[in-house]
Amino acid sequence: MKQGTGTALVTGANRGLGLETCRQLGRLGWRVWLTAPDSDEGQRACETLRSEGLDVHFEPLDVASLESLAALAGRLEQQGVRLSALINNAGIAMEGFNAHVAEYTVAVNFLGPLRVTERLLPLVEEHGRVVMVSSSLSELKDYPPAFQRRFDPPPPKEQLKALVRAFVEDVRAGVHEEKGWPTSAYRVSKLSLNALTRQLAEELKPRNLLVNAVCPGWVRTEMGGKHAARSVERGADILVWAATLPPRGPTGGFFRNRRPVPW
Ligand SMILES: NC(=O)c1ccc[n+]([C@@H]2O[C@H](COP(=O)([O-])OP(=O)(O)OC[C@H]3O[C@@H](n4cnc5c(N)ncnc54)[C@H](OP(=O)(O)O)[C@@H]3O)[C@@H](O)[C@H]2O)c1
């Protein structure tokens, strides 16, 4: 795709990597829908980018809310919006570990991208790209072979959802360790997101869509903290790269620093 002709929607974009991705795509001449769960914060972020001369529009979206997603999809459809790229960036890393943390983390980091992608797919153009913002903390090599087999090869979507539900229930029952799960909802959510990426990439090949997971590195945002190694500008590079891949670009991959990394 030529620069200056794209349209993108970015989730969780009122700050951090999402906001910077909107800015970088805007500077390439793209029209960008900046979405965020809080309307005031989202609108403020949008105004900042518009004051920089960028073609950015705000829409509220809480990726953990089906009502919020349905409302957004309805408004976009009404406007006839077509997307060249959908960037599932919204994510959380909660303090502590219990059933609530497990449930809400997978709701935002895994079910969110799944539902947003399924609901907005009809708006994504042929040769469009879906970007899943993942993390190197989800690399399978860090886990024993029996655990790896839960996610590799990636199970079909319904099975994957059941696996994630089982994780939450095992945490609730206090048996997650004996069932072989890590004590990190964030890791499980991103492992599941990676498996979903591989599944969706296969499923969407007939539509020539490119679906990839990316790791931004350790980035100085609210989530990454001020001691992180990377600037937000540098971190957003991989999101923008995956959103602007050429039509014959890779699909079903996991990338960091614009290079493939193992699942
Ligand atoms: N920073 C890092 O070092 C790092 C490393 C690897 C991967 N990542 C991934 O990169 C992505 C962006 O992270 P970041 O560092 O930019 O984090 P951040 O500064 O904490 O920003 C997270 C964004 O997600 C939004 N969000 C949270 N819950 C949401 C929901 N239910 N619906 C919609 N949006 C929601 C937040 O909105 P509010 O402001 O309203 O809360 C915020 O805009 C995440 O997926 C994260 O896992 C980050």
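Residues numbered from 1 in each chain as written. Predicted model: local features only at pLDDT ≥ 70, side-chain atom pairs only at ≥ 80, totals over all residues.

Some words on the sheet that holds strand 6 (residues 210–215)
Part 1 of the reasoning: The mixed open sheet is built from 8 strands, whose spatial order is 3-2-1-4-5-6-7-8. Where the open sheet ends on each side, the last strands, each with one partner, are strand 3 (56–60) and strand 8 (259–260).
Part 2 of the reasoning: Where strand 5 (residues 124–133) and strand 6 come together, 5 bridges link them in parallel fashion. Bridge pairing links Val131 to Asn212 in strand 6.
Part 3 of the reasoning: Sheet strands touched by helix 7 (residues 185–203): strand 5, strand 6 and strand 7 (254–256). Its angle to strand 6, the strand with the most contacts, is close to 160 degrees.
Part 4 of the reasoning: Helix-sheet contacts for helix 8 (residues 232–243) involve strand 1 (7–10), strand 4 (83–88), strand 5, strand 6 and strand 7, and the interaxial angle to strand 5 is about 160 degrees. (Pairing = 2+ DSSP bridges. Helix = DSSP H or I, 4+ residues; strand = E, 2+ residues; numbered from the N terminus. Contact = placed C-beta atoms within 7 Å. Axes fitted to C-alpha atoms, helices over the stretch in contact; angles between N-to-C directions.)

With respect to the packing of helix 4 (residues 99–120) against helix 6 (residues 157–172)
Part 1 of the reasoning: Interaxial distance between helix 4 and helix 6 falls to 8 Å at its minimum, and their mutual angle equals 165 degrees. Viewed along their axes, helix 4 and helix 6 adopt a mutual orientation that is roughly antiparallel. Helix 4 and helix 6 meet at a crossing whose hand is right-handed. Where helix 4 approaches helix 6, its residues Ala99, Ala102, Glu103, Val106 and Phe110 are matched on the opposing element by Val164, Phe167, Val168, Val171 and Arg172.
Part 2 of the reasoning: Among the residues forming the contact of helix 4 with helix 6, the class breakdown is 8 nonpolar, no polar and 2 charged. (Parallel < 35°, antiparallel > 145°, perpendicular 65-115°, else oblique. Left-handed = near helix turned anticlockwise from the far one by under 90°. Nonpolar A, V, L, I, M, F, W, Y, C, P; charged D, E, K, R; others polar.)

Observations concerning the nonpolar core
Part 1 of the reasoning: If you look at the biggest cluster of nonpolar residues, it comprises 73 residues, and the most contacted ones within it are Ala8, Leu34, Val131 and Leu239.
Part 2 of the reasoning: When residues in this core are grouped by element, the largest group, 9 residues, is from helix 7.
Part 3 of the reasoning: Apart from the residues lying within four places of it in its own chain, the contact partners of Ala8 are Leu25, Trp30, Val32, Leu83, Ser84, Ala85, Ile87 and Ala243. (Core = buried A, V, L, I, M, F, W, Y, C linked by C-beta atoms within 7 Å. Buried ≥ 20, exposed ≤ 12 C-beta atoms within 10 Å, placed from the backbone.)

Looking at the environment of Thr7
Part 1 of the reasoning: Take Thr7: it is sitting in strand 1.
Part 2 of the reasoning: With 75 residues separating them in the primary sequence, Thr7 and Arg82 have C-alpha atoms 7.2 Å apart.
Part 3 of the reasoning: Not counting residues within four places of it along the chain, the set of residues in contact with Thr7 comprises Trp30, Arg31, Arg82, Leu83 and Ser84.

Remarks on the pairing of strand 3
Part 1 of the reasoning: In this sheet, strand 3 lies alongside strand 2 (residues 31–36) in parallel orientation, the contact comprising 5 bridges. Across the sheet, residue Leu34 finds its bridge partner in strand 3, namely Phe58.
Part 2 of the reasoning: Crossover strand 2 to strand 3 through helix 2 (residues 39–51) is right-handed. (Right-handed = clockwise from strand over helix to strand, strands pointing away.)

Section: helix 7
Residues spaced three or four apart along an α-helix face the same direction, because each turn holds 3.6 residues.
Part 1 of the reasoning: When the terminal C-alpha atoms of helix 7 are compared, their 27 Å separation across 19 residues agrees well with the 27 Å that a helix rising 1.5 Å per residue should span.
Part 2 of the reasoning: Among the 19 residues in helix 7, 16 count as buried, and that is most of the element. (Expected span 1.5 Å × (residues − 1).)

Structural measurements only, silent on function.
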